[in-house]
Amino acid sequence: MRIARFFPTAIFVVPCILLALTLAAQAQQSYVFTKVLDLSMQRPDGAGKFVITTITTPAFDGQWVVFRDGGSADDGSLQAIWSFNTQDATFHKLVDLHTVQPGGTATFTELHLLDAAPAVRNGTVVFLARSTSTGQFREGLYSVPAAGGTVVKVADYTTTDPSGGTFDQFDSSGLQIGGFGFDGTTVAFHAQGSTQKVGIYTAGADGSSLNLIADGSPPYAASGASVNSFSA
């Protein structure tokens, strides 16, 4: 199954696997669309209507549709990440700007970072966010069950960077979904440490087993040059 996006009017879930498409075409059957939400729908938290824009960027794992909503307030104070269960048609607010950052007391201040749409696999959501701490980027990768629950740190600015120091920046312009990938178990991500080294790392969705895959330190095997840039 995949998500078909129709902006700015609505988000739909489309049953669409290759075999089903072939059989449907042979039988001359039409598609069946299930509406997730449109611009007339009220948010379940009572904060007005959903607002569908290009920042919405839904993700889908076969059961859960996960999307960002900025809300109707001009100041961005209603930012939230939501899930929709296609099996029982229920909405769940996973995180908003009142959610406390794991391991701290600060709340999240930005959920709509550039090129940083949430990913969902096997009922687990991974997202990039900033906290209200000031002076630095204060970014991190976090996970939360698609049905709602405790937000868990994958890695953030308090995490020790295997390259040295602590992590500093995860968001970077032009990187697909914030430069991270998620297969349902392991998160692979692009990050910069406080020592200015940039690298690719992996960690479990619960923050366990953090590993450095490559950074700018070791030379290429076939040459004396070292890597000084990574992109996704």
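Along each chain, numbering runs from 1 in the same order as the chain's sequence is written. A pLDDT threshold of at least 70 governs which residues receive local features in this predicted model, and a stricter bar of 80 or more applies before side-chain atom pairs are shown or counted, although totals over entire chains, interfaces and linings include all residues. In computing side-chain values, all of the structure's heavy atoms are included and hydrogens and water are not.

Draft legend 1. Broad picture of the environment of alanine 129. Secondary structure elements are defined from DSSP: runs of H or I of at least 4 residues count as helices, runs of E of at least 2 residues count as strands, and each element is numbered from the N terminus. With respect to the secondary-structure elements, alanine 129 resides in strand β10 (residues 124–131). Per-residue accessibility, obtained with a 1.4 Å probe over protein chains only, is compared with the maximum for each type, and a residue is labelled buried under 20%, exposed over 50%, and partly exposed between these values. Alanine 129 sits in the buried class, given a relative accessible area of 0%. Along the primary structure alanine 129 and aspartate 156 are separated by 27 residues, whereas in three dimensions their C-alpha atoms are 9.2 Å apart. Setting aside chain neighbours within four positions, we find alanine 129 in contact with Phe108, Glu110, Leu111, Leu113, Arg138, Glu139, Gly140 and Tyr142. Two residues form a contact once any of their heavy atoms are found within 4.5 Å.

Draft legend 2. Examining the packing of aromatic side chains more closely. The criterion for an aromatic pair is that two Phe, Tyr or Trp rings (for Trp, the six-membered ring) have centres within 6.5 Å, with stacked assigned to planes under 30 degrees apart, edge-to-face to planes over 60 apart and tilted to the rest. Considering all chains together, one arrives at 13 aromatic pairs under this definition. Taking 5.3 Å as the distance between ring centres and 80° as the angle between the ring planes, the aromatic pair formed by phenylalanine 50 and tryptophan 82 counts as edge-to-face. Note that phenylalanine 50 is positioned in the loop between β3 (34–38) and β4 (59–60) and tryptophan 82 in strand β6 (residues 80–85), a separation of 32 residues in sequence. Here tryptophan 82 falls in the buried class, since its relative accessible area comes to 1%. Through a chain of ring-to-ring contacts, three or more aromatic side chains come together here, namely Phe50, Phe67, Trp82, Phe84 and Phe91.

Draft legend 3. View of the sheet that holds strand β7 (residues 90–96). By the convention used here, strands pair only if DSSP detects at least 2 bridges between them. Here four strands make up an open sheet; going across it, the order is β4-β5-β6-β7 and the pairing antiparallel. Taken across any chain shown, the strands that pair with only one partner, and hence form the sheet edges, are β4 and β7. Strand direction decides the pairing type here: strand β5 (residues 64–69) and β6, joined by six bridges, are antiparallel. Directly across from phenylalanine 67, in β6, lies its bridge partner tryptophan 82.

Draft legend 4. Representation of the pattern of salt bridges within the structure. Here, a salt bridge means any Lys or Arg side-chain nitrogen found within 4 Å of an Asp or Glu carboxyl oxygen. Scanning the model with the defined rule gives seven salt bridges in all. In this structure, aspartate 96 and lysine 93 form a salt bridge, with 3.0 Å as the shortest nitrogen-oxygen distance. The structure contains a network of salt bridges with shared partners spanning Arg43, Asp45, Asp69, Lys93 and Asp96.

Functional significance is not addressed by these values, which are geometric in nature.
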